[in-house]
Amino acid sequence: MSNLLIRNIKILWGVNRNGFLKKSGVEMSDLESIDDAFLCIENGKIIEFGKMSDFSQTSDFDEIIDASDKMVIPSFVDSHTHLVYAGSREIEYIDKIKGLTYEEIAKRGGGILNSAKLLHETSEDELFEQSLHRIREIEKQGTCAVEIKSGYGLYPKDELKMLRVIQRLKTATRLTIKSTFLAAHAVPAEFKTRQSEYVDFVVNETLPQVCEENLADFVDVFCDKGFFTIAETNRILEAAAAHGLRPKIHANELDFSGGVQVGVKHHALSVDHLEYVGDAEISALLNSKTMPTILPGAALFLNLPHAPARKMIDAGLPIAVASDFNPGSSPSGNMKLMLSLAMINHRMTVRECLNAGTINTAYAMNISDFCGSIKIGNDADCLILKEIPSLEFFLYAYGSDLIETVVLKGQIV
Ligand code: NIG
Ligand code: FE
């Protein structure tokens, strides 16, 4: 293994001396930093950091980077993606431009069912290659850890195919990857008029096989208007809990569906989307350990109302921002862009956005004890930025590539 020193850093951001596992409310405005700093990395871990004036070289470094005039931030953590999918669905977007809603496209057998068909026709090896290509793309864009969901399989054989691909990605890449069994995403055509029978099938057939092979870290349900009900979500989450799976659910994207409350009731690690959130949802979240997660890329692409992130932070809640990278509603895993969208559309400050896309998304993957901030012992995942006038410029220049060097577990990408 190797040692790396980054020295003369103009400002080192995202320092976590107090061992925060997440940032909530006003804490989200606080992004601790050190001017004129150094960062020492050994065997993929952060072993020391501080002010250059306090630096004393005690060991030889295999590599030294001079970051004069450049800022360093923690790498992005993306806690909600569907990046294992087959092909693409750009043609459907034309239907949307013609005025069809997401639900109408889904009802026509498009949407998730279209991806399920493509996935069924694609071999595991081909699916792995397509997904690896997407991982390589987000790695260059500064993502060091990613959660990936199944949910385009619908039946055990294809769900296992997806989850095995995620398993292979865990070993084939240096990113930290968590896998989520998206148990109920859409109802297959054969079960069209028998949704509750499909839920029985998921609980009795698919879930046990997924757990038997130990293929999932978390469980998810698309709990929303036109998809799965509160009762069905309860049923699936109870069965998953018996197998030790904690939920991260899709909630309140299309309506005040009760998804937030059912997630909180089942101690979900996160509830994600949240376009429809009011006082009842906020108070449920305030009494919980659940991370509210917004997905600004999906809201942009589908023209959804924006989740009231400002109101939620002002009420004292944490907010995480993830990409939702998927072929239907957010065909991008670019976390820098997602954070710019959070700033533009959700009125979050740049510091709030950076906490939302690093430590808070790490919390939403249950990895914030070793990932998502600059802390001794953490994975050495950071981004050396190009020379820019201020931290704010990084998200303000929303279309510019401003990352100069990606350091992933101590190695330069
Ligand atoms: O998070 N909302 C549910 N599922 C995905 C969309 C998946 C798709 O359209 O393929 C989402 O937006
Ligand atoms: Fe999603």
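Residues numbered from 1 in each chain as written. Chains lettered and ligands numbered in written order. Predicted model: local features only at pLDDT ≥ 70, side-chain atom pairs only at ≥ 80, totals over all residues. Heavy atoms only, no water.

Colleague: Looking at this structure, I do not really get the site of ligand 1. What am I missing?
Modeller: Around ligand 1 sit 15 residues, and of these R89, Y152, H185, D324 and S329 come closest. Here an oxygen atom of ligand 1 sits 2.9 Å away from a polar atom, N or O, in the side chain of H250. Take D324: an N or O atom from its side chain is 2.9 Å from an oxygen atom of ligand 1. Taken by itself ligand 1 offers 330 Å² of open surface, and the protein chains cover 100% of this. The cavity that encloses ligand 1 is the largest cavity. (Near = heavy atom within 4 Å. Polar contact = N/O pair within 3.5 Å; in protein donor to acceptor, adjacent residues only side chain to side chain. Areas by Shrake-Rupley, 256 points an atom, 1.4 Å probe, with all protein chains shown as cover. 1 Å grid on protein atoms, 1.4 Å probe; cavity = no way out; pocket = protein on both sides within 12 Å on 5 of 7 lines; lining within 4 Å. Sits in = over half its atoms within 2 Å of the grid points.)

Colleague: Explanation requested: the coordination of the iron ion (ligand 2) in the structure shown.
Modeller: Around a metal, the perfect tetrahedron of four donors has angles of 109.5 degrees, and the perfect octahedron of six donors has angles of 90 or 180 degrees. Taken together, H80 (NE2), H82 (NE2), H250 (NE2) and D324 (OD) make up the full set of protein donors to the iron ion (ligand 2), lying 2.1 to 2.2 Å away. Spacing between the donor residues of the iron ion (ligand 2) along the chain follows H-x1-H-x167-H-x73-D. (Donors = N, O, S within 2.8 Å, 3.2 Å for Na, K, Ca; no water.)

Colleague: Even after reading the chapter, I still don't get unusual backbone geometry, so can you show me in this structure?
Modeller: Comment: phi is negative for the bulk of residues other than glycine, and the bulk of peptide bonds are trans. Even without a glycine there, the phi angle at D36 is positive, about 50 degrees. Although it is not a glycine, L154 sits at a positive phi angle of roughly 70 degrees. For L154, a relative accessible area of 7% translates into the label buried. (Buried < 20%, exposed > 50% of the residue type's maximum accessible area, 1.4 Å probe, protein only.)

Colleague: What's the story with the domain arrangement of the protein chain in this structure? I'm lost.
Modeller: Quite often, the size of an interface is put as the accessible area lost when its parts meet. Considered domain by domain, the protein chain is made up of domain 1 (4-74 + 372-412) and domain 2 (76-363). A combined buried area of about 2,900 Å² lies between domain 1 and domain 2, and 65% of that area is made up of carbon and sulfur atoms. Among the residues domain 1 hides against domain 2, the three largest losses belong to M28, L395 and L408. Together they make up 26% of the total. Elements represented by at least two residues in the side of domain 1 that touches domain 2 include exactly β5 (71-74), α15 (391-396), β15 (403-408) and β16 (411-412). Counting residues per element, the side of domain 1 that touches domain 2 draws most heavily on α15, at five residues. Counted by class, the side of domain 1 that touches domain 2 contains 19 nonpolar, eight polar and eight charged residues. (Domains from an automatic or database assignment. Buried area = accessible area lost by both parts, 1.4 Å probe. Helix = DSSP H or I, 4+ residues; strand = E, 2+ residues; numbered from the N terminus. Nonpolar A, V, L, I, M, F, W, Y, C, P; charged D, E, K, R; others polar.)

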